[in-house]
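Architecture at a glance
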Amino acid sequence: MRHYLGTLFAVVILIIPWFAFTYPNEARSILILIQNAGSQFAAVILSHNPKTITDLRSNYSAPADNQTTVQKKVRILLVPGHEPGYGGAEFADIKERNLATELARDLREYIQNNNHYQVFTTRDDTAWSPEFAAYFKNNWDSIKEWQKASHDELSHLIAVGSVTPPASKVFHNNAPQDVALRLYGITKWSNENNIDIAIHIHFNDHPGHKHNISGTHSGFAIYVPAKQYGNSVTTKAVAGTIFKRLAKYNPVSDLSGESGGIVDDPELIAVGANNTADAASMLIEYGYIYEPQILDPKIRSLFIKDLAFQTYLGLQDFFDQQNVVSMSGSFDTLVMPHEWGHPMTEKNVQTADVFALQTALLIDGVYPPAQKSKNDCPRSGSFGPCTKKALGEFQKKYNINGENGVVGEKTIEELNRRYSGKII
Ligand SMILES: [Zn+2]
């Protein structure tokens, strides 16, 4: 999304590039400071009520109220990146904004099947959800005022020497003003509607590759608020468990600045620029739009559905370990179980079979092969040197002879014994 098309968000934080407070450990004291500043300098009174880890956990586990029998829920907002019909990365006929809605739909399904959650989504492919369309229409001026007030609050803190400006790690394109204000509007709506967790869904792009030729970077990254913002600690806790799930099967971004996988960012409106967001707010770049598993139409939907599943399992790791065990059963990926039926060589493959083979080899601990990373050898659906080498290790491990570098009858039998979910 961001490094490319000029449509992304970010800076609108405009004049204030970004600043770190000089009170690194005390988010609460900063809030008090900010509240004072807000009341003195802003036309709009700002209130900050960032969600704590305890808030979230108690919303998840609180029993139904005896009087009302209304169960508390964790309120999750899914924000597919960019706008209906507008913005985001594009590669060949693939559009980031549509990948994002597809992933949001898949994730929504998992979340809403769990009655501890209530889930909201900002848009589909063609339109804003009615609630958001109405909110933008009816609150445009107050969103502007609120954005300005948040900005002024930080300006004041800078003026009195309470903040110092560090550099942002990753360059972001500026968003057009109306796009940026809608993002602020989404945050404002979230604060007013008591959202606990906001997940912004994106796929990345990177400049420097030719039109429709894949770039060199790959992998996912999760953007979280800068540590001085009120929602930082809670966001990081939730992002941490989601990160672990995604990292098991997918490469972490190898872009400089994203390489830790979880990236603090002071400027992204989505995660609470200007200390605006109360909800734990993260922006997940699920991978680069030109990665092979996205380009291949036979794999893409399964890959996206599995990203959604991993995200959901990450949420469950945060809230409810027991539920994770019972839900994922013997496999913690939707790619499994899989039944293989045809021999495979480098030249003769079904990409879905290869994708499943790579996943099985990964679970078996032989993929990616030694000295290679998941960025070197992603689960791509294509049968190349990475797969061949890992397959050799698998065959060695299970004493399969005579099928070097190809998936023959004996290898199929072993794969199906372990990964078809059937008793063979
Ligand atoms: Zn994007």
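Scroll up a little and you will see the structure.
So, here is what we can say about the structure in this document. (Residues numbered from 1 in each chain as written. Predicted model: local features only at pLDDT ≥ 70, side-chain atom pairs only at ≥ 80, totals over all residues. Heavy atoms only, no water.)

Describing the packing of helix α2 (residues 53-61) against helix α8 (residues 297-319)
The N-to-C vectors of α2 and α8 enclose an angle of 100°; their axes lie 10 Å apart at closest approach. Between α2 and α8, the crossing angle belongs to the class labelled roughly perpendicular. Contact residues: α2 offers Ile 53, Leu 56, Arg 57 and Tyr 60, while α8 offers Gln 316, Phe 318 and Phe 319. (Axes fitted to C-alpha atoms, helices over the stretch in contact; angles between N-to-C directions. Helix = DSSP H or I, 4+ residues; strand = E, 2+ residues; numbered from the N terminus. Parallel < 35°, antiparallel > 145°, perpendicular 65-115°, else oblique. Contact = heavy atoms within 4.5 Å.)

Side note on the coordination of the zinc ion
For the zinc ion, the full set of protein donor atoms is His 82 (NE2), Glu 96 (OE) and His 202 (ND1), and the range of their distances to it is 2.0 to 2.2 Å. Spacing between the donor residues of the zinc ion along their common chain follows H-x13-E-x105-H. Here the residue Glu 96 occupies a position in helix α3 (residues 96-112), and His 202 occupies one in strand β7 (residues 197-204), the gap between them amounting to 106 residues. This pair shows no difference in class: Glu 96 is buried, exactly as His 202 is. (Donors = N, O, S within 2.8 Å, 3.2 Å for Na, K, Ca; no water. Buried < 20%, exposed > 50% of the residue type's maximum accessible area, 1.4 Å probe, protein only.)

Observations concerning the pairing of β7
In terms of residue burial, β7 counts as a mostly covered element, since eight of its eight residues are buried. Every second residue of β7 is oriented toward a common face, with Ile 197, Ile 199, Ile 201 and Phe 203 on one face and Ala 198, His 200, His 202 and Asn 204 on the other, all of them buried. Bridge count for strand β2 (residues 74-80) against β7 is five bridges, and the pairing is parallel. The residue bridging Pro 80 from the neighbouring strand is Ile 201, located in β7. Where β7 and strand β10 (residues 280-288) come together, seven bridges link them in parallel fashion. Across the sheet, residue His 200 finds its bridge partner in β10, namely Leu 283. (Pairing = 2+ DSSP bridges.)

Here we look at the packing of aromatic side chains
On inspection of all chains with the given rule, the structure shows 19 aromatic pairs. Taking 5.8 Å as the distance between ring centres and 80° as the angle between the ring planes, the aromatic pair formed by Tyr 117 and Phe 319 counts as edge-to-face. Of this pair, Tyr 117 sits in strand β5 (residues 117-121) while Phe 319 sits in helix α8, placing them 202 residues apart in sequence. Exposure remark for Tyr 117: the relative accessible area of 4% places this residue in the buried category. Summarising the aromatic geometry, the rings of Phe 132 and Trp 189 are spaced 4.5 Å apart at their centres and angled 45° between planes, so their arrangement reads as tilted. Of this pair, Phe 132 sits in helix α4 (residues 130-159) while Trp 189 sits in helix α5 (residues 177-192); the two residues are 57 residues apart in sequence, bridging distant segments of the chain. Looking at Phe 132, the relative accessible area reads 2%, which means it is buried. With relative accessibility at 2%, the residue Trp 189 sits in the buried group. (Phe/Tyr/Trp six-rings, centres within 6.5 Å; stacked < 30°, edge-to-face > 60°.)

Focus on the state of the cysteines
Evaluation of the coordinates by the stated rule reveals one disulfide. The side chain of Cys 377 participates in a disulfide bridge whose partner is Cys 386; the two sulfur atoms lie 2.1 Å from each other. An S-S torsion of about -70° defines the bridge between Cys 377 and Cys 386 as left-handed. Classification of Cys 377 by relative accessible area gives buried; the value is 2%. (Disulfide = S-S within 2.5 Å.)

Details of the environment of Ser 256
Note on placement: Ser 256 falls in the loop between α6 (232-249) and β9 (262-265). Ser 256 sits in the exposed class, given a relative accessible area of 63%. Through-space distance from the C-alpha of Ser 256 to that of His 217 is 9.5 Å; in sequence the pair is 39 residues apart.

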